[in-house]
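# An overview of the molecular structure
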Amino acid sequence: MTRTPVEPTTETGTVSLPRSGLLAFSTGSIGMGVWITVPGLLLLYFLTDVLAVAPLAAGFALLVPKIADVLLHPFVGHVSDVQRARHGHRLTLMLLACVLPLAFAALFAVPGGLHGNAAAIWVAAFYVLGNLLFAAYQVPYLATPADLAIGYHERTRLMSFRMVVLTVGILASGVLAPVLVGGDDPTRTGYVVMGCALAAGMLAAMLVGINGVRRLGAAAGTPVNAAPPPLRGIRVLLSSLRDPQFRPLVTAYLLTGTATHLVLAAAPYYATYELGRSGLTTVLIAAFLGPALVATPVWLAVTRRIGKQRGLLVAQGVFAAGGLVIALGSRVPLAVLVAVVAVLGVAFAALQLLYFAMLPDVVAAASGRKIADAGSYTGVWTAADSAGGAIGPYLYAACLAIGGFVGSSGDDVQQSSSALDAVRYGFGIVPAVLLVVALLVQRRYTLDRTHR
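Residues numbered from 1 in each chain as written. Predicted model: local features only at pLDDT ≥ 70, side-chain atom pairs only at ≥ 80, totals over all residues. Heavy atoms only, no water.

The next point concerns the overall build of the protein. Counting secondary structure elements, the protein contains 16 helices and two strands. A total of 452 residues make up the protein; the buried ones form 59% of that total. If you take every contact in the protein between residues at least 6 apart in sequence, the share linking residues at least 24 apart comes to 84%. When the accessible surface of the protein is totalled, it reaches about 16700 Å², and 67% of it is carbon and sulfur. (Helix = DSSP H or I, 4+ residues; strand = E, 2+ residues; numbered from the N terminus. Buried < 20%, exposed > 50% of the residue type's maximum accessible area, 1.4 Å probe, protein only. Contact = heavy atoms within 4.5 Å. Areas by Shrake-Rupley, 256 points an atom, 1.4 Å probe, with all protein chains shown as cover.)

Listed below in structure tokens is the structure:
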């Protein structure tokens, strides 16, 4: 493999990664962003308001695939570690995962004769398949920063590039998807068109990301890892949880991921039933994700001064406070609500950047202590991400069910006042509570001062 020329060093014993390699690597996040965003944003609404699935059944259809996903991710991490020990890379899994766009398209291509529970089963089956393929790409992809011979600040720089490009992918798919499905009048055909169009972009981005992993490995070098212990039970898969720094970090990430996935799932309901126009979903998503493009470089500069841990605690507090304002709903002027959502987006930028920048710090600190290899950490990490992706929408579906929300197949249904309260409070108060708990857990993480 030809080494890519590197830029001058910025930290003792580490290189500054080339921008072209960083951009190529980060492009892979666009494909991941589509898978993370669109099902989280539209799938629950697609089930309840297009396919006439009852809220609890719809939530269950999204929860079961995620439970399977959580169980599979640590195993994928172990397979990734074995592959790297044998071949020096994790690329085979990533190439196999490029079937993911087909599963994404099928997820929304529900046959016309299926409604209610039958449609929910179709969606759940392809969600299970898609989540497995997503794990096969995401786990080795996120192990890359820990595999590279780079230091504390360069890991943050790498993840800041990823965060900006990931935000572009999330923003583009989050804005385009509601438009492609029909805007204020979404249709089944619109969902099929949306699924096929975004699947094509997803495949292209994933292939570019694989090339980026190769280029960064050539530029920085990837120290050889010993083979992980044989797979003889769940303890090997979850060995990273023995790390006292990883436990609070991944727990806080789980709580935060639950909150952010809930916000995505709730946005169409909040726009439709609280603000009165489903087309405002696009406005809310743009306000939530757009600021991250500007805020990420700012957070990078801020954390160079105060550290990643302090920056993360600030972002968690801001997100919680913003959720309480959102819970007031239409009693607050629309412009103010959109501005508060934008503030949430600024906090979201830090949450995405700093959690993922701290993960390789934990792996680096554990090196030599025989706790686990990077794949074990990222397997558990992405399992937590999947768990948050499942629990968030299910929590919101439970809120709707408790409030007496009635599902439909596109017909106008008069919702009760308690159902409308559930739409509002589920979107604002529940995420705020989750972020407060995440902040309290995150305070137990002490590694940042050592690294700085």
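Now, onward.
Another point: empty space enclosed by the protein. Summed over all chains, the structure comprises six cavities of 30 Å³ or more. Counted as a void, the largest cavity has a volume near 190 Å³. Forming the boundary of the largest cavity are 20 residues, of which Ile36, Thr260, His261, Phe348 and Gln352 lie nearest the centre. At the level of secondary structure, the elements contributing two or more residues to the lining of the largest cavity comprise α1 (19-49), α6 (152-180), α9 (246-274), α10 (280-289) and α13 (334-366). It is α9 that provides the largest number of residues to the lining of the largest cavity, a total of six residues. When we break the lining of the largest cavity down by domain, the ones giving at least three residues each are domain 1 (18-222) and domain 2 (236-451). Its volume calculated, the second largest cavity comes out at about 110 Å³. In terms of lining residues, the second largest cavity is bounded by Trp35, Ile36, Gly40, Lys66, Tyr127, Asn131, Phe134, His261, Asp385, Ser386 and Gly389. Within the residue set of the lining of the second largest cavity, elements represented by two or more residues are α1, α5 (116-147) and α14 (374-403). (1 Å grid on protein atoms, 1.4 Å probe; cavity = no way out; pocket = protein on both sides within 12 Å on 5 of 7 lines; lining within 4 Å. Points joined across faces, edges and corners; volume = space filled by probe spheres on them. Domains from an automatic or database assignment.)

Let us look at α10. A large share of α10 lies buried, amounting to eight of its 10 residues. Of all the residues in α10, the buried ones are Leu280, Thr281, Thr282, Leu284, Ile285, Ala287, Phe288 and Leu289.

Chain-level statistics for the protein give a pLDDT mean of 82 and a share of 88% at 70 or above. Across the protein, the secondary-structure element scoring lowest on mean pLDDT is strand β1 (residues 7-11), at 40, and the one scoring highest is helix α4 (residues 100-108), at 94. Here residues 1-13 scores under 50 on pLDDT; set against residues more than four positions off or in separate chains, the count is 30 contacts. (pLDDT = per-residue confidence, 0-100.)

As a further point, take the pattern of salt bridges. If charged atoms from side chains of opposite charge come close, those side chains can pair. What the rule picks out here adds up to four salt bridges. As a salt-bridge pair, Lys308 and Asp361 come within 2.6 Å of each other at their nearest N and O atoms. With Lys308 in helix α12 (residues 308-326) and Asp361 in helix α13, the pair connects residues that are 53 residues apart, well separated along the chain. Both residues of the pair, Lys308 and Asp361, count as buried. Asp421 is the partner of Arg424 in a salt bridge, and the nearest nitrogen-oxygen pair spans 2.9 Å. Taken together, the residues Arg424 and Asp421, both in helix α15 (residues 417-442) and three residues apart, mark about one turn of the helix. Classification of Arg424 by relative accessible area gives buried; the value is 9%. Assessed through its relative accessible area of 29%, Asp421 is described here as partly exposed. Members of the salt-bridge network, linked through shared partners, are Glu274, Asp421 and Arg424. (Salt bridge = Lys/Arg side-chain N within 4 Å of Asp/Glu carboxyl O.)

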